[in-house]
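Tertiary structure, described
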Amino acid sequence: KQEVTQIPAALSVPEGENLVLNCSFTDSAIYNLQWFRQDPGKGLTSLLLIQSSQREQTSGRLNASLDKSSGRSTLYIAASQPGDSATYLCAVRFNAGNNRKLIWGLGTSLAVNP
Amino acid sequence: SAVISQKPSRDICQRGTSLTIQCQVDSQVTMMFWYRQQPGQSLTLIATANQGSEATYESGFVIDKFPISRPNLTFSTLTVSNMSPEDSSIYLCSVNIQENTEAFFGQGTRLTVV
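Residues numbered from 1 in each chain as written. Chains lettered and ligands numbered in written order. Predicted model: local features only at pLDDT ≥ 70, side-chain atom pairs only at ≥ 80, totals over all residues. Heavy atoms only, no water.

**Here's the deal with the overall build of chain A**
Scanning chain A for helices and strands turns up zero helices and 11 strands. Its C-alpha atoms give chain A a radius of gyration of 14 Å, near enough to 13 Å, the size a compact globule of 114 residues would have. Across its three principal axes, chain A shows a C-alpha extent of roughly 45 × 30 × 20 Å. Per-residue burial for chain A yields a buried fraction of 45% across its 114 residues. Accessible surface computed for chain A: about 5300 Å², of which carbon and sulfur atoms make up 48%. Here chain A holds 10 positive side-chain charges and 8 negative ones, and the gap between their average locations is 10 Å. (Helix = DSSP H or I, 4+ residues; strand = E, 2+ residues; numbered from the N terminus. Rg over C-alpha atoms; globule rule 2.2 N^0.38 Å. Buried < 20%, exposed > 50% of the residue type's maximum accessible area, 1.4 Å probe, protein only. Areas by Shrake-Rupley, 256 points an atom, 1.4 Å probe, with all protein chains shown as cover. Lys, Arg positive; Asp, Glu negative; His and termini not counted. Charge placed at Lys NZ, Arg CZ, Asp CG, Glu CD.)

Shown next as structure tokens:
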């Protein structure tokens with residue numbers, strides 16, 4: 001069964017810290033992987049999309065890496081700010097099965113404290 | 001990218017009634033999707049909205065409960081019919097400009113059924 005797991009489920013850090021969010025997936029044959037941010041009760045904002053052929057993507061203070069062989073992706077947030085407080089979701093399109101629908105993790109709830 | 005306008009942003013409805021949620025995209029897109037996110041859970045795909053044909057529903061979701069329209073390449077509606085408190089969720093519209101590319105989401109509709 002194709003599954004996506006995110007660890008930790010919740011994280012609380014002081015402002016200014018660099019932090020890493022983890023996403024693992026059960027099948028290394030992926031098409032792409034996408035990281036999203038969700039504020040409470042709101043929709044999702046796309047942060048980074050990594051294609052299967054890529055190792056990492058960067059946008060501002062965010063860097064996402066992909067290691068297909070180990071079934072892992074990390075989202076690195078540099079110099080965290082209170083405005084980064086949100087839930088971060090990882091979603092994977094696998095090559096086979098599920099018709100390439102997005103398979104979702106449960107998210108990591110991040111709190112950055114001033 | 002795609003900009004998605006979803007309405008209403010929130011509503012409180014009486015059980016037994018129906019609510020129609022609208023999703024408008026600023027460009028023509030091939031794929032439009034409707035998701036549900038129950039409290040404390042990740043996203044569950046309800047259906048794929050197909051332009052010019054009936055929507056394709058996921059296991060556990062039926063057309064009588066969640067009728068969907070897709071009259072053109074920029075617009076779709078999802079109706080939640082005969083609502084019960086168990087339908088209280090965030091409903092999300094999502095698009096891919098091209099198949100299997102980056103997914104974009106609307107702001108979500110927060111539905112409470114009383």
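**Focus on the sheet that holds strand β6 (residues 56-59) of chain A**
Residues and elements named next belong to chain A. One open sheet accounts for five strands, arranged β1-β3-β8-β7-β6; its pairing is antiparallel. The sheet terminates laterally at β1 (4-7) and β6, the two strands that pair on one side only. In this sheet, adjacent strand axes meet at a mean angle of 15° when their direction is disregarded. Where β1 meets strand β3 (residues 19-25), four bridges bridge the pair, whose relative direction is antiparallel. If you follow I7 over to β3, its bridge partner there is N22. (Pairing = 2+ DSSP bridges. Axes fitted to C-alpha atoms, helices over the stretch in contact; angles between N-to-C directions.)

**Brief notes about the side chain of S42 of chain B**
When you line up the elements, S42 of chain B lands in the loop between β4 (31-37) and β5 (44-49). Using a relative accessible area of 8% as the deciding quantity, one classes S42 of chain B as buried.

**Side note on the side chain of E58 of chain B**
Inspection of the secondary structure puts E58 of chain B in the loop between β6 (56-57) and β7 (68-72). Beyond its immediate stretch of four places on either side in the chain, E58 of chain B contacts K101 of chain A together with L45, I46 and A47 of chain B. (Contact = heavy atoms within 4.5 Å.)

**Observations concerning unusual backbone geometry**
Here the bond from I7 of chain A into P8 of chain A is cis, since omega is 0°, no more than 30 degrees from zero. Structurally, the position occupied by P8 of chain A is in the loop between β1 and β2 (10-14). Residues K7 of chain B and P8 of chain B are joined by a peptide bond in cis, for which omega reads -5°. The backbone of A79 of chain A sits at a positive phi, close to 45°, despite the residue not being glycine.

**Here we look at the sheet that holds strand β3 (residues 19-25) of chain B**
Across a sheet, paired strands are connected by hydrogen bonds in the backbone, their directions being either parallel or antiparallel. All names here are of chain B. Pairing within the open sheet is antiparallel, and its four strands lie in the order β1-β3-β8-β7. Pairing within the sheet leaves two strands with one partner each, and these edge strands are β1 (4-7) and β7. Across this sheet, the average inter-strand angle for adjacent strands is 15°, counted without regard to direction. When β3 meets strand β8 (residues 75-80), the two strands line up antiparallel, connected through six bridges. Bridge pairing in β8 links T20 to T79.

**Some thoughts on the state of the cysteines**
Formally, a disulfide is one covalent bond, and it connects the sulfur atom of one cysteine to the sulfur atom of another. Within the structure shown, the criterion is met by two disulfides over all chains. A sulfur-sulfur distance of 2.0 Å marks the disulfide that ties C23 of chain A to C90 of chain A. Its S-S torsion of approximately -60° makes the covalent link between C23 of chain A and C90 of chain A left-handed. In this pair, C23 of chain A is assigned in strand β3 and C90 of chain A in strand β9 (residues 86-94), connecting sequence segments 67 residues apart. C90 of chain A carries the same exposure label as C23 of chain A, and that label is buried. Across the disulfide from C23 of chain B sits C93 of chain B; the S-S distance is 1.9 Å. Across the S-S bond linking C23 of chain B and C93 of chain B, the dihedral sits near -65°, which makes this disulfide left-handed. (Disulfide = S-S within 2.5 Å.)

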